[in-house]
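Summary of structural features
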There are 2 protein chains.
Amino acid sequence: MKLFTKHTDYAIRALLELAGSKDEFLSARQIAKQQRIPYQFLRQILQGLIKNKLVISKEGSGGGFRIDKDPDLMSIVDIIVIFQGNIQLSDCMFRKKLCANRSNCVLRKQINRIEKLVNEEFKSVTIGSLLKDLKKQRRRF
Amino acid sequence: MKLFTKHTDYAIRALLELAGSKDEFLSARQIAKQQRIPYQFLRQILQGLIKNKLVISKEGSGGGFRIDKDPDLMSIVDIIVIFQGNIQLSDCMFRKKLCANRSNCVLRKQINRIEKLVNEEFKSVTIGSLLKDLKKQRRRF
DNA sequence: TATAACTGATACTATAATAGTAGCAGTTAA
DNA sequence: TTAACTGCTACTATTATAGTATCAGTTATA
Ligand code: FES
Ligand code: FES
């Protein structure tokens, strides 16, 4: 099971990179190289971040991307939602037709409970907090 | 994202069915009909449950399956593990090669933390507890 | 003792989700 | 003018999940 797809994974790395050099524009090429993300794939992802106003871009030579929201307010959940939709641990409700045996579905409420928990937990993990951890880690080693 | 695949989903339903008629042998055909699970698919799943000693089988005419472990000790996690392996919210550690940029991987410890939480929570949900919920529900409606 | 109702085992196919690639059009700095 | 960029979007590859099909062997029962 995957809570993070590569889209999300790479988006987080890219945002960490961007949050780390706040006022500069970094090109997709630079980020891809730094984080070893496939270039064209990263570009798709950056488009997603643009659309959701987490970053802004500058076109043309010397252009690139810059973060456009306080990293402390940018949670992992926000990013997951952009690329994978809402966090759901199981999606039977989402497939238009309901559970085959809906009356049996006592499981659903348990799933929902735990889903909520996961959401809460990941909401508190932000690009800002990760960046802080990252800096701490680098200082130590 | 899927915490439960169909394997797990159907396994839980089948076990609920079996736990509900503890001492009888139910055939795959019966369970499939009752829970509207594709017959051959269900048979695969039951084989998995046999291998892991959650149920026993009786061959031949009049044969079938019977639960073989206290439902209260049979947690959802046990079942997930059989069909999907350990609960992991993200699997980059599992793909033999490590994160492209491992030094950036402050995310990992957060994921692990929340993974642990999910595990704990689902451990407390058992076939026994679900069956109890189910009976309560049926009484009410 | 024939047969219908079963399980054991396993190979196969179909579908959908994820991951990654390619390429053209337009923008901008130098 | 050109090289370094982004915007956009169609395409392909790979993998995971879901589901099907079959054959061999077992057992109750008429
Ligand atoms: S409503 Fe889906 S597990 Fe039931
Ligand atoms: S070790 Fe994988 S998210 Fe990093």
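Please refer to the structure higher up on the page.
These numbers were taken from a predicted model, which means no experiment stands behind them.

**Regarding the packing of aromatic side chains**
Residue and element names in this part refer to chain A. Evaluation of the coordinates by the stated rule reveals four aromatic pairs over all chains. Considering the side-chain rings of Y10 and F41, the 5.6 Å spacing of their centres and the 85 degrees angle between planes classify their relative orientation as edge-to-face. One end of the pair, Y10, is in helix α1 (residues 6-20); the other, F41, is in helix α3 (residues 39-51), with 31 residues separating them in the sequence. The class of Y10 is buried, set by a relative accessible area of 12%. The ring of Y39 has R29 sitting right over it, with the charged end atom 3.8 Å from the ring centre.

**Things to note about the environment of D70 of chain B**
All names here are of chain B. Looking at the secondary structure, you find D70 in the loop between β2 (64-67) and α4 (76-84). Each C-alpha atom, one on D70 and one on E120, is 19 Å from the other, the two residues being 50 residues apart in sequence. Looking at D70, its side chain comes within polar contact range of the main-chain nitrogen of D72, at 2.8 Å.

**Focus: the protein's contact with DNA strand C**
Around DNA strand C sit 27 residues in total, of which K6 and Q44 of chain A together with R43, Q47 and S57 of chain B are the nearest. Looking at DNA strand C alone, sugar and phosphate atoms form 58% of those within 4 Å of the protein. Taking Q44 of chain B, its side chain carries an N or O atom lying 3.1 Å from a base nitrogen of DNA strand C. The contact in question runs from a base nitrogen of DNA strand C to an N or O atom on the backbone of S61 of chain B, over 3.2 Å. Elements with a contribution of two residues or more to the surface near DNA strand C: α1 and α3 of chain A together with α3 (39-51), β1 (55-58) and β2 of chain B. Of the residues in the surface near DNA strand C, the class split is seven nonpolar, 14 polar and six charged.

Conventions and cut-offs
- Residues numbered from 1 in each chain as written.
- Chains lettered and ligands numbered in written order.
- Predicted model: local features only at pLDDT ≥ 70, side-chain atom pairs only at ≥ 80, totals over all residues.
- Heavy atoms only, no water.
- Phe/Tyr/Trp six-rings, centres within 6.5 Å; stacked < 30°, edge-to-face > 60°.
- Helix = DSSP H or I, 4+ residues; strand = E, 2+ residues; numbered from the N terminus.
- Buried < 20%, exposed > 50% of the residue type's maximum accessible area, 1.4 Å probe, protein only.
- Lys NZ or Arg CZ within 6 Å of the ring centre and 35° of its normal.
- Polar contact = N/O pair within 3.5 Å; in protein donor to acceptor, adjacent residues only side chain to side chain.
- Near = heavy atom within 4 Å.
- Nonpolar A, V, L, I, M, F, W, Y, C, P; charged D, E, K, R; others polar.

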